[in-house]
Amino acid sequence: MSDQRERLAAVTEQLLGYDVVTDAFLAKSFTDRLLIVDVTESAQLPADALELIHEHDFGALDSLDTDDEQHRSAVGDVGGATRHHFVDMQTRGAHQSYVVSRLSCSSSR
């Protein structure tokens, strides 16, 4: 496992130690590595957890294209939790994903 991957895995483990965090995991979009954090519905992501996230170079996904100094994360409801999305700023845009489709050819004789 690379140092970067180990560092990110350690962040998710630390986040899981917060009572209001129901899940924390790494995911990958087409071009970015994401940190997903689910927080108990109606609870806030603790300020020190948010500080931990930013200390490890994760930026709030919805503030990347704005001058938002609050660094709020994109949120949405998932089951009984609120989901927060952050992007790894150290590797932002460095990943490549491909969509592979199978073409079916039929011949008519």
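These figures come from a predicted structure and were not determined experimentally.

### Overview of the confidence of the model for the protein chain
1) Next: Of the residues in the protein chain, 68% reach a pLDDT of 70 or more, and the chain-wide mean stands at 76.
2) Next: This stretch, residues 63-71, has a pLDDT under 50; its non-local contacts, to residues over four places away or in other chains, come to 8 contacts.

### Observations concerning the pairing of strand β5 (residues 81-88)
1) Next: Counting buried positions along β5 gives 6 out of 8 residues, so the element sits mostly inside the fold.
2) Next: Pairing geometry for strand β3 (residues 58-60) and β5, over 3 bridges, is antiparallel. Across the sheet, Gly59 pairs through a bridge with Val87, a residue of β5.

### Some thoughts on the pattern of salt bridges
1) Next: For the coordinates displayed, the defined rule picks out 2 salt bridges.
2) Next: With a shortest N-O distance of 3.5 Å, Asp88 and Arg33 are connected by a salt bridge. Residue Asp88 is located in strand β5, and its partner Arg33 is located in strand β2 (residues 33-40); the two are separated by 55 residues in the primary sequence. The pair Asp88 / Arg33 is uniform in exposure class, with both members buried.
3) Next: The residue Asp38 makes a salt bridge to Arg83 at a minimum N-O spacing of 2.7 Å. Separated by 45 residues along the polypeptide, Asp38 in strand β2 and Arg83 in strand β5 bring together distant segments of the chain.

### Notes on the packing of helix α1 (residues 3-15) against helix α2 (residues 47-55)
1) Next: Contact pair α1 / α2: the axes reach a minimum separation of 11 Å and the direction vectors enclose 180 degrees. One element, α1, and the other, α2, form an angle in the roughly antiparallel class. Two secondary-structure elements touch here, α1 through Val11, Gln14 and Leu15 and α2 through Ala49, Leu52 and Ile53.
2) Next: Tallied by class, the residues present in the contact of α1 with α2 amount to 5 nonpolar, 1 polar and no charged.

Procedures and definitions
- Residues numbered from 1 in each chain as written.
- Predicted model: local features only at pLDDT ≥ 70, side-chain atom pairs only at ≥ 80, totals over all residues.
- Heavy atoms only, no water.
- pLDDT = per-residue confidence, 0-100.
- Contact = heavy atoms within 4.5 Å.
- Buried < 20%, exposed > 50% of the residue type's maximum accessible area, 1.4 Å probe, protein only.
- Helix = DSSP H or I, 4+ residues; strand = E, 2+ residues; numbered from the N terminus.
- Pairing = 2+ DSSP bridges.
- Salt bridge = Lys/Arg side-chain N within 4 Å of Asp/Glu carboxyl O.
- Axes fitted to C-alpha atoms, helices over the stretch in contact; angles between N-to-C directions.
- Parallel < 35°, antiparallel > 145°, perpendicular 65-115°, else oblique.
- Nonpolar A, V, L, I, M, F, W, Y, C, P; charged D, E, K, R; others polar.

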